[in-house]
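Inside the fold
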Amino acid sequence: MSTTIFIIIIVIVAGNYLLEQLLAVLNLRESKKAIPAELSDLYTTEKRNRQREYQRTNIRFGTVTNTIGVAFSLFMICLGFAWLNNGLLSVTDHPLWHTLLFIAVYIALETLIELPASIYDTFKIETRFGFNTTTPKTFLKDTVISLLLSLLLQGVLMSVLVLGYMWQPDWLWLIAWVVVSIFMIFLNMFYPQLIVPLFNKQTPLPEGELREAIEKFAERVGFSIENIYVMDSSKRSTKANAYFTGFGKKKRIVLFDTLIKQLTTDEIVAVLAHEIGHQKHNHTIKALLSSLTKMLLLFVLLGIIIRYDVFALAIGCEPTFVAKFIVFMMLYQPVTVLLSIISNIASRRHEYEADEFAKQNNMQTQLVSALKKMTVNDLGNPTPHPFTVFLTYSHPTLSERIRHLETKE
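Before going into details, it helps to say that this report is about the structure given with it. (Residues numbered from 1 in each chain as written. Predicted model: local features only at pLDDT ≥ 70, side-chain atom pairs only at ≥ 80, totals over all residues. Heavy atoms only, no water.)

1. A short note on the pattern of salt bridges
Note the cut-off: The salt bridge definition used is simple: a Lys or Arg side-chain nitrogen within 4 Å of an Asp or Glu carboxyl oxygen. Note on conventions: DSSP H or I runs of at least 4 residues are helices, E runs of at least 2 residues are strands, and numbering of each starts at the N terminus.
A full pass over the atoms with the stated rule returns 12 salt bridges. Here Lys373 makes a salt bridge to Glu267, at a shortest N to O gap of 3.0 Å. Of this pair, Lys373 sits in helix H13 (residues 364-377) while Glu267 sits in helix H8 (residues 265-280), placing them 106 residues apart in sequence. Through salt bridges with shared partners, a single ionic network connects Glu53, Arg60 and Arg128.

Below, the structure is given as structure tokens:
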């Protein structure tokens, strides 16, 4: 049985890698095609060639990093997890402390493996194409904070799982789901106050033409806006964005300062009209409920698998909690892919609904203009392969969104 599980794990890891390579090849082929008619005014020949080069550079680099990643995963499956798990048992065999120590060492090791690629991507590729504005000091600070946050959050999650299992193993799935759900809702509400300040400054949007235009539109569509903030995203990248975050009184609009620099006032209002559309349709709450449902499925399956030592033995580990958890997460990957496809289908539908809200409020022309500007400035891919869109895109393609916005009803 353990041999069969081992083979299944290897097939899953190899299958994911081959799927990623297939998508890379398909997108490379698709990049040779002509730009859709809706985007014909978007790229000059020079800009299109630059966009293609950016896309191909990222695909080639992604192939290298994915190969390194799968090699690391296979090493850990064949030898590394057993060495780490069994070796740490000589330090402590207490389920909680052993698990936390295992997770800390593994996260640190994974960070070291990924760090060179992250440095190359930021300071070589992104700099070459004019996107990077990150200084080495900021990069180092971000890396350290991200590592500490990962250790904290994953440490909290694993502590809940281990303590829940030690207390009531038959009810692990319910205990973990309730506690983690509360934690997720808390993070969703207080993310801008607790997490964002660790990386960026958020300052209230000052009085002026832009704020007045936003407030006037919000009042016209019956949407209450009190908290409008500008985030100093330009300290890391020239790429632009805007988003809503939080619930109820904790709800706020966040504008990247790069967005304000790149778009006109009317275009920014159109982008926010799209975001307000998400709020009007309760997409944030629907996405959260979807995440909680998927997490319930995860914990139910974990509660079943965690009972059987054979899963840890499949990768040469003594049957500790964390060894069985690691194996479960690898076996769960195909389910993750399937759930991701379903989530992306729903997300793309939500994007159309949010665009429709902007359209109903006569902001479609400005929104199309804003989307085109952001795509060109970010060297976005105007011709992704349909299979890639189906599997991985949470948004419709730009040409699909434009067709929807410009269709007369």
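2. As for the packing of aromatic side chains
What describes a pair of aromatic rings is the distance from one ring centre to the other and the angle between the planes of the rings. Applicable threshold: Two rings from Phe, Tyr or Trp (for Trp, the six-membered ring) form a pair when their centres are within 6.5 Å of each other. A pair whose planes differ by under 30 degrees is stacked, one over 60 is edge-to-face, and the rest are tilted. We call a residue buried when its accessible area falls under 20% of the maximum for its residue type, exposed when it is over 50%, and partly exposed in between, using a 1.4 Å probe and counting protein chains only. Any Lys NZ or Arg CZ found within 6 Å of a ring centre and within 35 degrees of that ring's normal is scored as a charge over the ring.
Tallying each qualifying case throughout the model produces 13 aromatic pairs. Ring geometry for Tyr165 against Phe321: centres 5.5 Å apart, planes inclined by 50°, an arrangement best described as tilted. Note that Tyr165 is positioned in helix H4 (residues 136-167) and Phe321 in helix H11 (residues 321-331), a separation of 156 residues in sequence. Of the residues examined, Tyr165 reaches a relative accessible area of 23% and is grouped as partly exposed. Between Phe328 and Tyr332, the aromatic rings sit 5.4 Å apart at their centres with planes inclined by 35°, giving tilted as the arrangement. An identical accessibility class is assigned to Phe328 and Tyr332; each is buried. Put simply, the rings of Phe72, Phe81, Phe102 and Tyr106 pair up and form one aromatic cluster. Above the plane of the ring of Phe131 lies Lys239, whose end atom (NZ or CZ) is 4.6 Å from the centre.

3. With respect to the nonpolar core
So the rule is basically this: Nonpolar cores were defined as sets of buried Ala, Val, Leu, Ile, Met, Phe, Trp, Tyr and Cys residues, with membership established by side-chain atoms within 4.5 Å. The criterion used for residue contact is that any of the two residues' heavy atoms lie within 4.5 Å.
In this structure, Ile9, Phe81, Phe102, Leu161, Phe299, Phe321 and Val327 are the most contacted members of the largest nonpolar core, which totals 48 residues. Those elements that place two or more of their residues in this core are helix H1 (2-30), helix H2 (45-88), helix H3 (95-128), H4, helix H5 (172-194), helix H9 (283-305), helix H10 (310-313) and H11. Here this core takes 9 residues from H11, the largest share from any one element. Beyond its immediate chain neighbours, meaning those up to four positions away, Phe102 contacts Phe81, Leu84, Asn85, Leu88, Val322 and Ile326. Membership of the second largest hydrophobic core comes to 44 residues, among which are Val269, Phe357, Met374 and Val376.

4. Let's talk about the packing of H3 against H4
Spelled out, the test is: Angles shown run from 0 to 180 degrees and are taken between the N-to-C directions of axes, each axis being a line fitted to C-alpha atoms and, for helices, limited to the stretch in contact. Should an angle fall under 35 degrees it is called roughly parallel, over 145 degrees roughly antiparallel, and 65 to 115 degrees roughly perpendicular, with every other angle called oblique. Should the near helix be turned anticlockwise from the far one by less than a right angle, the crossing is termed left-handed; should it be turned clockwise, right-handed. Think of it as three bins: nonpolar holds Ala, Val, Leu, Ile, Met, Phe, Trp, Tyr, Cys and Pro, charged holds Asp, Glu, Lys and Arg, and polar takes everything else, Gly as well.
Viewed as axis vectors pointing N to C, H3 and H4 meet at an angle of 155°, and their least axial separation amounts to 9 Å. As the angle between them shows, H3 and H4 are arranged roughly antiparallel. In this structure, the crossing between H3 and H4 has a hand that is right-handed. Class assignment for the residues of the contact of H3 with H4 results in 17 nonpolar, 9 polar and no charged.

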